[in-house]
Amino acid sequence: MDAIEAILTRRSIRSYTDEPVSEQDIETILHAAMAAPSAGNQQSWRFVVTTSREMLDAMAECTPYGKMLHEAPLAITVCADTRDLRHPQMWQQDCSNAAENALLAIHALDLGAVWLGFWPKMERVEPLRETLGLPEGIEPLSVLAIGHPAEGQPPVDRYNAGHVHRDRW
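Keep in mind that what you see is a predicted model, and the values were worked out from it rather than measured. (Residues numbered from 1 in each chain as written. Predicted model: local features only at pLDDT ≥ 70, side-chain atom pairs only at ≥ 80, totals over all residues. Heavy atoms only, no water.)

**Quick look at the sheet that holds strand β3 (residues 112-117)**
The strands making up a sheet associate through backbone hydrogen bonding, with each pair oriented either parallel or antiparallel. Across the sheet, which stays open at both edges, the four strands sit in the order β1-β2-β4-β3 with antiparallel pairing between neighbours. The strands lining the two open edges of the sheet, one partner per strand, are β1 (45-50) and β3. Going from strand to strand, the sheet's axes swing by 25 degrees on average, the running direction of each strand aside. Here eight bridges tie strand β2 (residues 74-81) to strand β4 (residues 138-147), and the two strands are oriented antiparallel to one another. Within the sheet, the bridge partner assigned to A75 lies in β4 and is A145. Along the sheet, helix α3 (residues 53-60) contacts β1, β2 and β4; its crossing angle with β2, the most-contacted strand, is approximately 65 degrees. (Pairing = 2+ DSSP bridges. Helix = DSSP H or I, 4+ residues; strand = E, 2+ residues; numbered from the N terminus. Axes fitted to C-alpha atoms, helices over the stretch in contact; angles between N-to-C directions. Contact = heavy atoms within 4.5 Å.)

Shown next, in the form of structure tokens:
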């Protein structure tokens, strides 16, 4: 699958088989995530890889939108180390870039995933922080629920020429 095809056909997948995701695929996903651009090349991202059923079930309870974590065999929490950043106001963008790279890699590997947003919803962040034992200065941006798809989603063309302005608004 080429890059344009991956971008145009990636969809959020919320239902998975019970087949585990291989360590090789996890490493590929993390390599892709860490290939993302970041402000001043600060690479503020950090990742928590979760495969424990007990932990995945606990993470599902940290957000009202996390029920798919009860069947996902894998979650990757995208966090930022906010201690001593050269560009502290940019970590959300850094980590969003890494998360999107991960989602595209997941799709290219014929896996499925959905982005679960946590930051800046502190009522979600704090329970997740406690569940994962995150130290001070590590901020969770999102959780990617990942697995072998048990559902398919057709591509959707979201292009809207009315949202494009040339030279000026």
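Now, onward.
**A closer look at the pairing of β4**
Working note: regular strand, side chains alternate between the two faces of the sheet. Burial of β4 is extensive: 10 of the 10 residues sit out of reach of the surface. In terms of strand pairing, β3 meets β4 through six bridges, oriented antiparallel. Each residue of the ladder has a partner; that of L116, found in β4, is V143. (Buried < 20%, exposed > 50% of the residue type's maximum accessible area, 1.4 Å probe, protein only.)

**Details of the layout of surface pockets**
Taken as a whole, the largest pocket encloses approximately 230 Å³ of empty space. As for the largest pocket, its lining consists of I7, L8, R10, R11, E100, L104, V156, D157, R158 and Y159. Residue assignment for the lining of the largest pocket shows that the elements contributing at least two residues are α1 (3-9) and α4 (91-108). Of the residues contributing to the lining of the largest pocket, the split by class is five nonpolar, no polar and five charged. Here the second largest pocket is characterised by a volume of approximately 150 Å³. A class-by-class count of the residues in the lining of the second largest pocket yields six nonpolar, three polar and three charged. (1 Å grid on protein atoms, 1.4 Å probe; cavity = no way out; pocket = protein on both sides within 12 Å on 5 of 7 lines; lining within 4 Å. Points joined across faces, edges and corners; volume = space filled by probe spheres on them. Nonpolar A, V, L, I, M, F, W, Y, C, P; charged D, E, K, R; others polar.)

**A closer look at α3**
Within α3, the full set of buried residues consists of L56, M59 and A60. Burial along α3 is one-sided: seen end-on, the buried residues are contained in an arc of 105 degrees. Contacts made by the buried residues of α3 are with β1, β2, α5 (122-132) and β4. (Arc of directions from axis to C-beta.)

**A few points about the nonpolar core**
Core analysis: the largest hydrophobic core is formed by 24 residues, its most contacted members being C95, I106, L144 and I146. Sorting the residues of this core by element identifies α2 (23-33), β2, α4 and β4 as the ones contributing at least two each. In terms of residue count, α4 provides more of this core than any other element does, seven residues in total. M59, L69, L132 and A145 belong to the second-largest nonpolar core, a separate cluster that totals 21 residues. (Core = buried A, V, L, I, M, F, W, Y, C linked by side-chain atoms within 4.5 Å.)

**Remarks on the packing of α2 against α4**
In a packed pair of helices, the relevant descriptors are the angle between the two axes and the axis-to-axis distance. Taken N-terminus to C-terminus, the directions of α2 and α4 make an angle of 140 degrees; their axes are 7 Å apart at the nearest point. By the criterion of interaxial angle, the relationship of α2 to α4 is oblique. Handedness of the α2/α4 crossing: right-handed. Contact with α2, carried on its side by I29, A32 and A33, involves A98, N101, A102, A105 and I106 of α4 and no other residues of that element. Broken down by class, the residue content of the contact of α2 with α4 amounts to seven nonpolar, one polar and no charged. (Parallel < 35°, antiparallel > 145°, perpendicular 65-115°, else oblique. Left-handed = near helix turned anticlockwise from the far one by under 90°.)

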